[in-house]
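What the coordinates show
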Amino acid sequence: MAAAPSLRAPPLTLASTAAALRTFSRTLVLQPQKPLFTSSRALRSPPLPPFPSNLPRRRLATRASADGGNGAPDPRQFDFDLFTIGAGSGGVRASRFAATYGAKVAICELPFSTISSESAGGVGGTCVLRGCVPKKLLVYSSKYSHEFEESRGFGWTYEADPMHDWSTLIANKNAELQRLTGIYKNILQNSGVTLIEGRGKIVDPHTVDVDGKHYTARHILISVGGRPNLPDIPGIEHAIDSDAALDLPSKPEKIAIVGGGYIALEFAGIFNGLKSEVHVFIRQKKVLRGFDEEIRNFVSEQMSLRGIEFHTEETPQAILKSSDGLLSLRTNKETVDGFSHIMFATGRRPNTKNLGLEDVGVELAKNGAILVDEYSQTSVDSIWAVGDATDRLNLTPVALMEGGAFAKTVFGKEPTVPDYRAVPSAVFSQPPIGQLGLTEEQAIQEYGDVDIYTANFRPLKATLSGLPDRVFMKLIVCASTNKVLGVHMCGEDSPEIIQGIAIAVKAGLTKADFDSTVGIHPTSAEELVTMRSPTRKIRKDPSPAMIIGKNSDRVDYLLEALKVVFFLFHERVLFYPCSANELSCSCKVCIQMELLLKSFMV
Amino acid sequence: MARKMLIDGELGQTATDEKQYDFDLFVIGAGSGGVRASRTSAAFGAKVAICELPFHPVSSEVIGGVGGTCVIRGCVPKKILVYAAQFRGEFEDSRNFGWELSDEIGFNWKKLLHNKTQEIIRLNGIYKRLLSNAGVTMFEGEGKLIDAHLVEVTQPDGTTKQYSAKHILIATGSRAQLVNIPGKELAITSDEALSLDELPKRAVILGGGYIAIEFASIWRGMGAEVDLFYRKELPLRGFDDEMRAAVAKNLEGRGIRLHPGTNLSELRQSGDGIRVLTDHGDQITTDVVLFATGRLPNTKRLNLQAVGVEVDKTGAVKVDEYSRTTVPNIWAVGDVTNRINLTPVALMEGTCFSKTVFGGQPTKPDYINVPCAVFCIPPLSVVGLNEQQALEQTKSDILVYTSSFNPMKNTISGRQEKTTMKLVVDAETDEVLGASMCGPDAPEIMQGIAVALKCGATKAQFDSTVGIHPSAAEEFVTMRSITRRVAAGTKLKTNL
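The model shown is predicted, which means the values in this text are computed figures rather than measured ones.

With that settled, the discussion passes to the interface of chain A and chain B. Taken together, the contact between chain A and chain B spans 76 residues of the former and 75 residues of the latter. Taking both sides of the interface into account, the surface hidden between chain A and chain B amounts to around 6600 Å²; carbon and sulfur atoms contribute 68%. Counting across the interface, chain A meets chain B through zero salt bridges. A per-element tally of the side of chain A that touches chain B places helix 5 (residues 132-153) of chain A first, with 14 residues. Taken together, the residues of the side of chain A that touches chain B sort by class into 40 nonpolar, 21 polar and 15 charged. Of the pairings in the sheet, the one linking strand 3 (residues 156-158) of chain A to strand 4 (residues 105-107) of chain B comprises three bridges and is antiparallel in character. Across the sheet, Tyr158(A) pairs through a bridge with Ile105(B), a residue of strand 4 of chain B.

Generally speaking, a soluble globular protein has its nonpolar side chains buried in company with each other. By size, the foremost hydrophobic cluster in this structure holds 173 residues, and its most contacted members are Ile257(A), Phe271(A), Trp219(B), Leu228(B) and Phe476(B). Per-element tally for this core: the top contributor is helix 3 (residues 75-94) of chain B, with ten residues. Those residues in contact with Leu228(B), other than ones at most four positions away along the chain, are Ile205(B), Gly207(B), Ala212(B), Ile213(B), Ala216(B), Leu251(B), Ile256(B), Arg257(B), Leu258(B) and His259(B). Ile196(A), Val208(A), Ile222(A) and Ile383(A) belong to the second-largest nonpolar core, a separate cluster that totals 24 residues.

The predicted model of chain A has a mean per-residue pLDDT of 85, with 77% of residues at 70 or higher. Every residue in residues 542-550 of chain A scores below 50 in pLDDT, and together they form 14 contacts with partners more than four places removed in sequence or on other chains.

All names here are of chain A. Along its twelve residues, helix 3 (residues 89-100) runs 17 Å from first to last C-alpha, staying within 8% of the 16 Å computed at 1.5 Å per residue. Taking burial as the measure, the twelve residues of helix 3 include nine buried ones, the bulk of the element. All of the buried residues along helix 3 are Ser89, Gly90, Gly91, Val92, Arg93, Ala94, Ser95, Ala98 and Ala99. Phi turns positive, to about 100 degrees, at Gly102, one or two residues after helix 3.

All names here are of chain A. Where helix 5 contacts helix 6 (residues 166-190), the axes come no closer than 10 Å and their chain directions differ by 145 degrees. Helix-helix and strand crossings are classified by hand; for helix 5 and helix 6 the assignment is right-handed. For the pair helix 5 and helix 6, the contacting residues are Val133, Pro134, Leu137, Leu138 and Ser141 in the first and Trp166, Leu169, Lys173, Glu176, Leu177 and Leu180 in the second. Grouping the constituent residues of the contact of helix 5 with helix 6 by class yields eight nonpolar, one polar and two charged.

Counted according to the given criterion, the structure contains 30 aromatic pairs over all chains. With centroids separated by 6.2 Å and ring planes inclined at 80 degrees, the aromatic side chains of Phe353(B) and Phe358(B) adopt a geometry described as edge-to-face. Residue class for Phe358(B) comes out buried when judged on its relative accessible area of 6%. Linked through ring pairs, Tyr140(A), Tyr144(A), Phe148(A), Phe154(A), Trp156(A), Tyr158(A), Tyr83(B), Phe87(B), Phe91(B), Phe97(B), Trp99(B) and Phe107(B) together constitute an aromatic cluster.

Scanning the entire structure with this criterion turns up 53 salt bridges over all chains. The salt bridge involving Glu294(A) is made with Lys474(A); its shortest N-O contact spans 2.6 Å. Here Glu294(A), found in helix 9 (residues 293-305), pairs with Lys474(A), found in strand 22 (residues 471-478); they are 180 residues apart in sequence, far enough to count as distant. You can call Lys474(A) buried: its relative accessible area is 0%. For Arg73(B), the salt bridge identified is with Asp191(B), shortest N-O distance 3.9 Å. Of the two residues, Arg73(B) is situated in helix 2 (residues 68-73) and Asp191(B) in helix 5 (residues 190-193); the sequence distance between them amounts to 118 residues. When sorted by exposure, Arg73(B) lands in the same class as Asp191(B), which is buried.

What follows is about the sheet that holds strand 22 (residues 419-426) of chain B. Residues and elements named next belong to chain B. Read from one edge of the open sheet, six strands run 19-20-23-22-21-24, paired in antiparallel fashion. Strands at the two margins of the open sheet, each flanked by one partner only, are strand 19 (372-374) and strand 24 (484-486). Along the sheet, successive strands turn relative to each other by an average axial angle of 15 degrees, direction set aside. Where strand 22 meets strand 23 (residues 432-438), six bridges bridge the pair, whose relative direction is antiparallel. The residue bridging Leu423 from the neighbouring strand is Ala435, located in strand 23. Along the sheet, helix 12 (residues 442-454) makes contact with strand 19, strand 20 (380-384) and strand 23, crossing strand 20 at roughly 5 degrees.

With 25 residues, helix 6 of chain A ought to run about 36 Å at 1.5 Å a step, and its terminal C-alpha atoms sit 36 Å apart, in line with that. Taken residue by residue, helix 6 of chain A has Trp166(A), Leu169(A), Ile170(A), Lys173(A), Glu176(A), Leu177(A), Leu180(A), Thr181(A) and Leu188(A) as its buried positions.

Conventions used here
- Residues numbered from 1 in each chain as written.
- Chains lettered and ligands numbered in written order.
- Predicted model: local features only at pLDDT ≥ 70, side-chain atom pairs only at ≥ 80, totals over all residues.
- Heavy atoms only, no water.
- Contact = heavy atoms within 4.5 Å.
- Buried area = accessible area lost by both parts, 1.4 Å probe.
- Salt bridge = Lys/Arg side-chain N within 4 Å of Asp/Glu carboxyl O.
- Helix = DSSP H or I, 4+ residues; strand = E, 2+ residues; numbered from the N terminus.
- Nonpolar A, V, L, I, M, F, W, Y, C, P; charged D, E, K, R; others polar.
- Pairing = 2+ DSSP bridges.
- Core = buried A, V, L, I, M, F, W, Y, C linked by side-chain atoms within 4.5 Å.
- Buried < 20%, exposed > 50% of the residue type's maximum accessible area, 1.4 Å probe, protein only.
- pLDDT = per-residue confidence, 0-100.
- Expected span 1.5 Å × (residues − 1).
- Axes fitted to C-alpha atoms, helices over the stretch in contact; angles between N-to-C directions.
- Left-handed = near helix turned anticlockwise from the far one by under 90°.
- Phe/Tyr/Trp six-rings, centres within 6.5 Å; stacked < 30°, edge-to-face > 60°.

Structure, rendered in structure tokens:
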């Protein structure tokens, strides 16, 4: 499934703060003569790892090739070279590629159903059956109402307003899903992969149980994906998740959508386009945490203009069902009545329960994600995991990349690390978002000096339609190298537009390359190559207060960090940066720093 | 025509002769290139004047309008009509997505025309404001050269005024031409086609270029019966043959009747319309005949020869790579020079001109990897070399990657129309030499690909880019297997 990138600074835990401080103190020790707060870089969050590996780096590179394929040290005979549990995007890709390398591969998957559960799934996985594909089909359908509106300005007239028939859409959608799951099965069959229907469970590092039958394999790949996760509040049994929302028997008249992530926004757009009354409840001030701040503002503004009502800073506390069958949602602020449906889009959890993982020693994160190293190997040598089950970057193309890299590493004798840099992603809200690379906030943290180019314009189509649609674009450029660090766009066709830009970023795109590219006229995309003067230039600032002032969302994070810093100084874990290295030192630098720290303690 | 640039210090020079001129720069023609050059020159500190004919949607020797072809009679109104025409396909597609539309969806051409004209008038005003905000002096009237430093402007009331300038820039653009056959006066050009009083029920279009097929798509989308005649086997000569074939198939699929290898020989007024005779001896009766058979530079009435500015056979002003004509202080940009006739190219030439002349920074426009789009329905967009050009211009073998797929939307709508994509790669260097796409959103998608080609992207870099799922564009980064390898020096079947 398309997902928000997880490249934002991790939530501040003591562990990550400690990591930050290690970097911090190293800086201090290495540059004892420099005053502490001369640059914003000193305050940056822990540097992002080049890839989101959640297990320590290990000696895999050599072992993988020795272990993989034929020259294996293990003399045992196995039924299969690879047994994959879960035939979604990652699992299918890994199995097919492994088979083309000559491996004997089996894959197991639960029986087909549009709603996933412990006992139902289907070949194709979330993306094809309960995610990207059905979601996009519904987005297409719902977008027409906007297009009908637009068409009036272009001279089209209707005797009666177009009506939508939900059951036609759902029937056609499900027929398409059946077709796709069939195609996936064919793909597996044609590449010689044995497909086994049933629930796979790990018995030992080389044995998988599928509904009572045991299969042995040299390698086991876990690609079981994730599932929507609903909070435990009173009345939650009346709520639906995204699986159900994609396959409702009838169209909601009035729906509450809880959550501010991409799934919530996409469904808000879908139901709004199909003329349901849509209320979105988010805990935070803004939607899409982790996205660029300006994009967050822009998209919610545009969605509001299309009729979606946002309830911000509201935490749902209970769902009540009244005698007429309608639902009410009670939050910390209000109770809103009259919902035909209440949908929770409050996150997804890896499907790692009851897989027997703990018993064979596969380490899991607290949220159930399988811990893997950068080659997707788990803490058990013969067991690997890719895709949403590992909760790295939960996107279909990333699972494909991980699956491909896994097959290359283990069966292609070519240890390959998936490259998580500049992964583009999209949110199919209406209007949609396409983005790539760092947000402005991340870029400032990482590079200090950045130039920001923005454009906010009314596209040609909107000038005729008379609708309030706009397009927002943003380029983030490193001031010293001229490299493009991030590209963000919200407006019609954003996902299609960003894909090509992503290639350019891979090819080392600089702002000068953007400028030297001739536009395609008249398009929206040409704006990207005609942004001549920066909207603002951000330069290293001696006062952290300046940075904080620019971004209220980071205040808490920074304050917490500073509190810990102060504490550590007091405990003499860290030393002041001057040569005296004394807490009581009264040199200019130390006094300045103490003042700064104290000002933040208030 | 490259020639050594003379940097005479222009602005830096405090020569006394500067004072003899009314302006540092006088620009004839306020279209894309002229406006850009004026504004950027003014930003460098030059004293700039520009002249343009009075505003009118249909151009002639004496009417035009600030904004030029692009804004008034080209890209912008055309795209507006394409938007309008696209809705018909959307209505058809929406049914399988659950929408119930009454069978009689009406289309009010007059309303569209009104809204389009309003938008063009608005843009015309914006352009005027841009010029005055940049400190450029505007004159309304027809400009012509008297000598190398003197321009005469004939005002709408017929009076004339003369202005002297250190540099003169010719940016008068081009105009649609009618082919010379009997009854040609019954035909219209794209200018009129954008402003017809009545929407035709039947239309005949002559020409296989982008203008012809764009109008074919527009009128078809608005419900007309469209017959498209062109001389070659396929439309869009100069584009990649595979993409030409894809476009032809799509046009037919959308209900346009194609008549390849056919020319019109005569037009006659008849009781129920215009009777069109073809060189195959066929007859067809229609409401409107559009000639989209090329455009010629607007140079006839500029008095160029008298001051020594050379033009080529087509009337295009000859310029060197800095846009300088054969008279050292007279320059020309845009369609009037007939290089690559695209708005963004005219903008680039205009900017390079002012950098060269007033910025003290001699700059040549870069014509490598200029992307372009044809807004037929669905559109075509390309950047870089096509397969034929790649074979001619590189010494190594060429790898061709193609993909033809059913876009996701069509899986539900049932529309039988494939999206086609193509990459041409240098087998030795792995560099992507050209990309093309025919399908929905192609122009928006191709812009980013053009940026990647400017970065010298290799096929490996395309492959290492993660896709955006589900999009059409992701197909460009997932073309794993070579469709064919063409040996260096192979001659392709051309002249289709």
